[in-house]
Amino acid sequence: MKSTEHQEQMEKIVSLCKRRGFFFKGSEIYGGFAGFFDYGPLGIMLKKNVENIWWNMFVESPEDMYGIDAALVMHPQTYQASGHAKNFADPMVEDLKTNKRYRADHILEENGISVVGLTPDQMNQIIVEKGIKSPDGNPLGEVTQFNMMFQTFVGANADSESRTFLRPETAQGIFTNYKNVLDTLHPKLPFGIGQIGKSFRNEIAPRDFLFRVREFSQMEVEYFVDPKDWEKYFEKFQKKVWDFISTVGIDTKKVSELEVADEDRAFYSKRTIDFEFEYPFGKKELYGLAYRTDYDLKGHGEVSKVDLSYFDEETRERFIPHVIEPSFGLERTILAILSSAYSEDEVNGETRVFLKLNKDIAPYQCAVFPLLKNKPDLVAKAKEVYDLLKKKGIRVMFDDNGNIGKRYRRQDEIGTPECITVDFDTLEDNTVTVRDRDTGEQKRVKLEEL
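Structure report, in brief.

**Quick word on the overall build of the protein chain**
Next, step 1: The helix and strand inventory of the protein chain stands at 14 helices and 23 strands.
Next, step 2: Residues counted as buried form 51% of the 450 residues belonging to the protein chain.
Next, step 3: For the protein chain, contacts bridging at least 24 residues in sequence account for 64% of all contacts bridging at least 6.
Next, step 4: A total of about 22,200 Å² of accessible surface is found on the protein chain, and carbon and sulfur atoms cover 47% of it.
Next, step 5: Side-chain charges of the protein chain comprise 62 positive and 76 negative groups, with the mean position of each set lying 3 Å from the other.

This is the structure we're talking about:
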């Protein structure tokens, strides 16, 4: 597929998301707000479905997992201990004429230069030596490090004493609650803590729709292990990430693993695997699996002066547990699902757009139509079928807007797997027409078998 075709596919996905109520620009009536998106009625349903599957797979089903929901704003010393105050930065460069700011590594990559292992000084040297310009064709300033945390103030005084940050990841809320879980539930190693929640990163240049945004949701697990066992549990979660990928309907053929080199790993990691997805705009990180060692618990223990060690009753040993972290970005997951599901075919000489979402993920599992909206008997029977399915816990939509063909196309676009039509025969024999989204095939089914 050519790059222009990639771009066209991305534009089609973005257009569909807006047109059908999956996502809207943040603060759109004011012209939008870069790096922020709002979930629409269908988007929030898709989001909840993904969250529910992840929560069940990683937190609810395993016997050694516990869930929490930590605060978005944390004590400022949290980020001193975690290293974010010092290390959580991206290389930034400024257009000297327009004063627009860009990620220096993105500028280099767009000029065909690999940024693996490059320091800001080395990036700066390459920009100078090769005379690389900004996207607007202007000279660039010096590469500097830009801390991506959103600053805020707590209390009535906006000064250094009251300054803290919106959390840049959900992980630190887990680490600061590790001792609370240990003291209240007394789990034995290995055990994990998981949560789903918002994180905030002041991206220099948000882009690619949902991929690089400033407010996003993360689904993360911190799994605490005996340091001698870390490799075994790293491999366990490596397999589990693949299970999740296939369960939510991400095209596994478009996913690959990247063993992250020493110089490119996050400051807290001793081993990291990136699961990369072939998005329409290129192969990018989808998920991360990191061996964080005892970096976080050790750091929080030193700064807080609280003992965060674990005492093994069997071996009579006391030590700081090590951590395996599978980390999932929710928006990146949804974008990968939409990219995998987006399909086109031809019906009666016209292009049909449909999302091949599986039933567990699709906002609606089925839709119920009366054949004609101006026939009260058909509408009443269709409402009866709708209520029947809804009481069974099925996500069902009632749709009587437009002719049957238009309703099919609308439901195809939002990924509804099956459409159920109530017609005049239904009133006689209690059967309905069930139409399959992917094949277009229709069959008569008795209501009691529906």
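**Brief notes about the sheet that holds strand β5 (residues 101–103)**
Next, step 1: Pairing within the open sheet is antiparallel, and its 3 strands lie in the order β5-β4-β6. Where the open sheet ends on each side, the last strands, each with one partner, are β5 and β6 (144–147). With direction set aside, neighbouring strand axes in the sheet form an average angle of 50°.
Next, step 2: Direction of pairing for strand β4 (residues 89–94) relative to β5: antiparallel, over a ladder of 3 bridges. Across the sheet, Glu94 pairs through a bridge with Arg101, a residue of β5.

**Remarks on the sheet that holds strand β16 (residues 322–329)**
Next, step 1: One open sheet holds the 7 strands; their spatial order is β3-β9-β10-β16-β13-β12-β11, and the pairing between them is mixed. Whereas interior strands pair on both sides, the edge strands pair on one side only; in this sheet they are β3 (65–67) and β11 (255–259). The average angle at which neighbouring strand axes cross in this sheet is 25°, direction not considered.
Next, step 2: Of the strands in this sheet, β10 (215–225), β12 (271–279), β13 (282–293) and β16 touch helix α11 (residues 330–341), which is tilted by about 40° from β12.

**Description of the packing of helix α2 (residues 41–60) against helix α9 (residues 230–247)**
Next, step 1: At a minimum axis separation of 11 Å, α2 and α9 run at an interaxial angle of 150°. On the basis of their axis angle, the class for α2 and α9 is roughly antiparallel. Considering the relative orientation of α2 and α9, their crossing is right-handed. Within the contact between the two elements, α2 uses Val50, Ile53, Trp54, Met57 and Phe58 and α9 uses Phe237, Lys240, Asp243, Phe244 and Thr247.
Next, step 2: Of the residues contributing to the contact of α2 with α9, the split by class is 7 nonpolar, 1 polar and 2 charged.

**Concerning the packing of aromatic side chains**
Next, step 1: Per the stated rule, a full pass over the model turns up 30 aromatic pairs.
Next, step 2: Taking the centre distance of 4.9 Å and the plane angle of 45° together, the rings of Tyr178 and Phe224 count as tilted. Of this pair, Tyr178 sits in helix α8 (residues 178–185) while Phe224 sits in strand β10, placing them 46 residues apart in sequence.
Next, step 3: When its relative accessible area of 0% is taken as the criterion, Tyr178 is described as buried.
Next, step 4: The class for Phe224 is buried, based on a relative accessible area of 0%.
Next, step 5: When the centroid spacing of 4.6 Å and the interplanar angle of 55° are considered together, the rings of Tyr287 and Phe328 count as tilted. Residue Tyr287 is found in strand β13, and its partner Phe328 is found in strand β16; the two are separated by 41 residues along the sequence. Take Tyr287 and Phe328: they sit in the same class, and that class is buried.

Criteria and cut-off values
Within every chain, residues take consecutive numbers counted from 1 along the sequence as written. This being a predicted model, a pLDDT of at least 70 is required before a residue's local features are given, and a value of 80 or more before pairs of side-chain atoms are given or counted; all residues contribute to the totals for chains, interfaces and linings. Excluding hydrogens and water, the side-chain figures rest on all heavy atoms present in the structure. Counting from the N terminus, the helices are the DSSP runs of H or I reaching at least four residues and the strands are the DSSP runs of E reaching at least two. A simple rule labels every residue: compare its accessible area, found with a 1.4 Å probe on the protein chains alone, to the largest value its type can have, and call it buried under 20%, exposed over 50%, or partly exposed in between. Note on contacts: a residue pair qualifies if any of its non-hydrogen atoms lie within 4.5 Å across the two residues. Accessibility throughout is a Shrake-Rupley quantity obtained with a 1.4 Å probe, and a residue counts as covered only by protein chains that appear here. Residues counted as positive are Lys and Arg, residues counted as negative are Asp and Glu, and His and the chain ends are not counted. Lysine's charge is taken at NZ, arginine's at CZ, aspartate's at CG and glutamate's at CD. Any two strands between which DSSP finds at least two bridges are classified as paired. For every element, the axis is a line fit to its C-alpha atoms; helices are fit only across the contacting stretch, and the angle between N-to-C directions ranges from 0 to 180 degrees. Our angle categories are set so that under 35 degrees counts as roughly parallel, over 145 as roughly antiparallel, 65 to 115 as roughly perpendicular, and the remainder as oblique. Crossing handedness follows the turn of the near helix against the far one: under a right angle anticlockwise gives a left-handed crossing, and clockwise gives a right-handed one. For this scheme, ten residues count as nonpolar: Ala, Val, Leu, Ile, Met, Phe, Trp, Tyr, Cys and Pro. Four count as charged, namely Asp, Glu, Lys and Arg, and the remainder, Gly too, count as polar. Stacked, edge-to-face and tilted labels apply to pairs of Phe, Tyr and Trp rings (six-membered ring for Trp) whose centres lie within 6.5 Å, assigned for plane angles under 30 degrees, over 60, and everything in between, in that order.

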